[in-house]
Each structure stands twice: as C-alpha cells, then as structure tokens.
Amino acid sequence: MTSAAIPAPARRPPWAGRNYSLLTAAAVVTNLGSQGALIAAAFAVLQSGGGAGDVGLVAAARTVPLVLFLLVGGALADRLPRHRVMVAANALNFLSQGAFALLVLTGEPRLWQMMALTALGGVGQAFFGPASEGMLMSSVSGAEAGRAFAFYRMAMHGAGIGGAALGGALIAVFGAGWVLAIDAAAFAVAGALRAFLDVSHIPPREAGGGMISDLRAGWREFVSRPWLWSIVVQFAVVNAVVAAAEAVYGPLVARDDLGGPGPWGLALAAFGAGTVGGAFLMMRWKPRRLLLAGSLCVFPLALPSAALAVPLPVGALAAVMLLTGVSIEVFGVSWMTALNQEIPEDKLSRVSAYDWLGSIAMVPLATALAGPAQSAVGRTSALWGCSALVVLLTAAVLCVPDVRRLTRRTEPVAAGRPTVSADAEGAVGRLG
C-alpha cells in the first residue's frame, strides 16, 4: 500500500532570515498605521479650527527635529545595539502619538500641543531611521541582497498604500482621533517585534573617542566615495523640487485644470502602484552596473512636473506617475544594494544619516519657496524649471566615473576594507 506524498511545508527564501523577516513585518505594521496618521493629523488640525497654514506648521514641526537630530541618531546607532535604538524610538513614537490621539478624542487640542507632540515624533524618527537602515543592511548579504531589499520595499509601499486608503475610510467613519490611536498601537506592536532582533552576528563596537569623533569618522566615510556624496547632493535638490511640484503645484493644477482633488488622488495612487511594480521588477532584475542603471532611471522624475506644466489629461498624468513610481524603485533598490556592498557594517548608520540629511534638508525650503516662485515666474515656468533641474543634475551625476562603473558584487565590504572600483575589480575577477 502506498501513501500519497505529503508536500513539504513552504520555506522562506534563503535571504529572508529571522532578522529580515522581523524587520519586514514591523515595517508593514508601522506603514499601515503611519500613512493613515499623516492624513489624520491634517484633519485633526482642520477640525480644531486651524487653516492650511496651521497644517503646514504641524508638518514642519516634525521635519525640523528630524533634520536636527539625524546625525546624532546615526552616530548613536553605530555605537549602541541598533535594535535597542529602534525600540526606544518606537516607544517615543507610541507615547507621542498616543497623547496626540487622546487630545483629539477628549477635547479640542491646541496648535502648540499638536506641534510639540509631532516634534517628538520627528525626534523618534531621527533616531529610528539610521538605526533601521543599518539593521536592515546588516541582515542581508551576498548575491540576493538586491532581491531582499526589493521585497522589503514592495511590502513597505504596499502597506503604505493600504494604510492611506484604510486611514481615509476610518477618518470618515470614526474620526481622526481613532486613526491616530491605531498608529500609536502600531508603533507598540512594531517595537515589540523589533525587540526580538538578534544582534549577536554584529561584531562588538570598538571604543571610540566620543560622539564628535564618531561623526567625523562617518563624514570621512561619506566624502571618500564620489559616487556616494555626488548622488546625495543630486537628491538634495531633486527631492526638493519634486516635493514642491507634488505638494504645492500638483494640487493647484488639479484644482484649476483637472477637476479637483479626485484626479490628483488618482495620479498619486498610480505613483504608489508604480513603486510596488518597480520593487517587484527588481526582485527579478539584477543590473550589473548598479548606479548606472539606477541613475538612468532618475530621469523620469522630471516627467510629472512637465506633465503638470502642460497640463496633461488625467489618464496621461496617471500613466506618467505610474512610470515614475517604477523608475524610482529601480533607483532605490540599486542604491540600497550599493550601500550594502560598499559601506563597512560598523559605519552603516552614520553614512545612512548623512544620506537622509541630504535627502530631506532642502525639502522644507523648496516647499516654502514654491509659492513665491510661482508669483515671480508663473506656475508653468516654475514647473518646467523643476523638470530641468532633475535632468541637469542627473546628467551631471552620470559624469562621475564611479557612478558609471560601480559593479554589483556578492559580498559586502568588510569593516576597514577600502572600496574596490569597478576597473580594479575587473582585474581580480567580478562577482555577479
């Protein structure tokens, strides 16, 4: 008598180890909560009698401490066990968002209270971000690192899209306070998951000369790589002009030419779908010259501003945003893979902090200047200017030899080991 073969239980892919799985699950939980909370915070300000300017002040209250404390957060995350920094930051976010929710649910919160609590959330993010990125990069290595980063980003973006849709629906039914409370609970759950991360594989940190010394070491690591600092400088401006176009000009064009907020919401949803699609693509495609492929895919970021300048019909605008979402994910996964293989593990969080700082530092300035720029040169000219800056800066970055030549490897760089250029690597044999 023969028995039917029982299929073996499905196993996780080899690149999805315990730490990676915990980090991905926690990121999904926090993104489900935080995307809805962003909408809820704006509605909480409006429902308390505030106007558009007050919404901007609350948003700025989060960004300012994020910029101020990022470098300190990066240095601390390379000095202490990263999972402890992440859990402490999640605890701060849980407390600040829980207090925000309680204020909204029990009375009429004042503007200064909402700004103070949002600022605490920004402090938490400043310490969490570099620690999280360093922890994620230390959890994967080898030839499948790019696939792991792609899946992580796909899960994170998918949760963000779902969280925004769910948050909007819950605000309409239950109010902003309950969505803020859900976000607080999400931080608690995510922090509990991150408490189980295993850091035994990370070598003990050598005693350093203090926080300033650590920051200097991170700066030397950052500026010693032309491909790294040139792309961060590029995105300092690219992120700023894209944010101005999407946060300021996009809604105005939608109101005046596209029929209102609905079409703009559709365009943003298309962008979100594109990011998921781009991450899915990068789970299968492993470009050999990482940064060349990634940087070529930055050019499409000029298209949304151009589409708004025309302006294109809603369907064409959505198609442009979809393509842009795919393209930016190709860059994002390539960028994370390059950092993973080129930056020593003990400096990952500090380098990540400089990367984050460069990426966000000019965004508040650009959004603040978007209105005066429109008054000075007109909205159409300002949008074409945004597109031109993206194209010019991307072309300039492609003139950097290391950006064109950096080649995928299968092993991350060891602590203290110098980066191997693509040309030198060719002499000893390329991997991957």
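In this text, all values refer to a predicted model and were calculated from it rather than measured experimentally.

**Some remarks on the overall build of the protein chain**
Secondary structure summary: the protein chain contains 17 helices and zero strands in total. Within the protein chain, the fraction of its 432 residues that count as buried is 48%. Total accessible area on the protein chain stands at roughly 18900 Å², and carbon and sulfur atoms take up 70% of it.

**Regarding the nonpolar core**
Counting residues in each nonpolar core, the largest one holds 63 residues, and the members touching the most others are Trp 227, Leu 228 and Trp 335. Here Trp 227 is in contact with Leu 291, Trp 335, Ala 338, Leu 339, Glu 342, Val 400, Asp 402, Val 403 and Leu 406, once residues within four sequence places are set aside.

**Details of the environment of Phe 149**
Structurally, Phe 149 is set in helix 5 (residues 145–174). Among the residues examined, Phe 149 registers a relative accessible area of 0% and is labelled buried. Separated by 130 residues in the primary sequence, Phe 149 and Ala 279 place their C-alpha atoms 8.4 Å from one another.

**Details of the side chain of Asn 31**
Mapped onto the elements, Asn 31 comes out in helix 1 (residues 18–47). Beyond its immediate sequence surroundings of up to four residues, Asn 31 is in contact with Met 156, Ala 159, Gly 160 and Gly 163.

**Focus on the packing of helix 1 against helix 5**
Running from amino to carboxyl end, helix 1 crosses helix 5 at an angle of 30°, the nearest separation of the two axes being 7 Å. Between helix 1 and helix 5 lies a crossing of right-handed hand. Only Ala 148, Phe 151, Tyr 152, Ala 155, Met 156, Ala 159, Gly 160, Gly 162, Gly 163, Ala 164, Gly 167 and Ile 171 of helix 5 make contact with helix 1, whose side of the interface consists of Tyr 20, Leu 23, Thr 24, Ala 27, Val 28, Asn 31, Leu 32, Gln 35, Gly 36, Ile 39, Ala 40 and Phe 43. Taken together, the residues of the contact of helix 1 with helix 5 break down into 16 nonpolar, eight polar and no charged.

**Some details on the packing of aromatic side chains**
In this description, a pair of aromatic rings is defined by centroid distance and the angle of the planes. Under the criterion given, the structure shown has seven aromatic pairs. In this structure an aromatic cluster arises from ring pairing among Trp 227, Phe 235, Phe 331 and Trp 335.

**Concerning the confidence of the model for the protein chain**
On average, residues of the protein chain score 82 in pLDDT, and 88% of them reach the 70 mark or higher. In the predicted structure, residues 1–9 sits below a pLDDT of 50 and forms zero contacts with residues beyond four places in sequence or in another chain.

**Description of the pattern of salt bridges**
One pass over the structure, following the stated rule, counts five salt bridges. Asp 78 is the salt-bridge partner of Arg 350, the closest N and O atoms lying 2.9 Å from each other. A residue pair is termed long-range when its members are at least 10 positions apart, and Arg 350 in helix 13 (residues 348–360) and Asp 78 in helix 2 (residues 52–79) qualify at 272 residues. Judged by its relative accessible area of 5%, Asp 78 falls in the buried class. One continuous salt-bridge network, built from bridges that share partners, spans Asp 78, Arg 82 and Arg 350.

Criteria and thresholds
Residues numbered from 1 in each chain as written. Predicted model: local features only at pLDDT ≥ 70, side-chain atom pairs only at ≥ 80, totals over all residues. Heavy atoms only, no water. Helix = DSSP H or I, 4+ residues; strand = E, 2+ residues; numbered from the N terminus. Buried < 20%, exposed > 50% of the residue type's maximum accessible area, 1.4 Å probe, protein only. Areas by Shrake-Rupley, 256 points an atom, 1.4 Å probe, with all protein chains shown as cover. Core = buried A, V, L, I, M, F, W, Y, C linked by side-chain atoms within 4.5 Å. Contact = heavy atoms within 4.5 Å. Axes fitted to C-alpha atoms, helices over the stretch in contact; angles between N-to-C directions. Left-handed = near helix turned anticlockwise from the far one by under 90°. Nonpolar A, V, L, I, M, F, W, Y, C, P; charged D, E, K, R; others polar. Phe/Tyr/Trp six-rings, centres within 6.5 Å; stacked < 30°, edge-to-face > 60°. pLDDT = per-residue confidence, 0-100. Salt bridge = Lys/Arg side-chain N within 4 Å of Asp/Glu carboxyl O.

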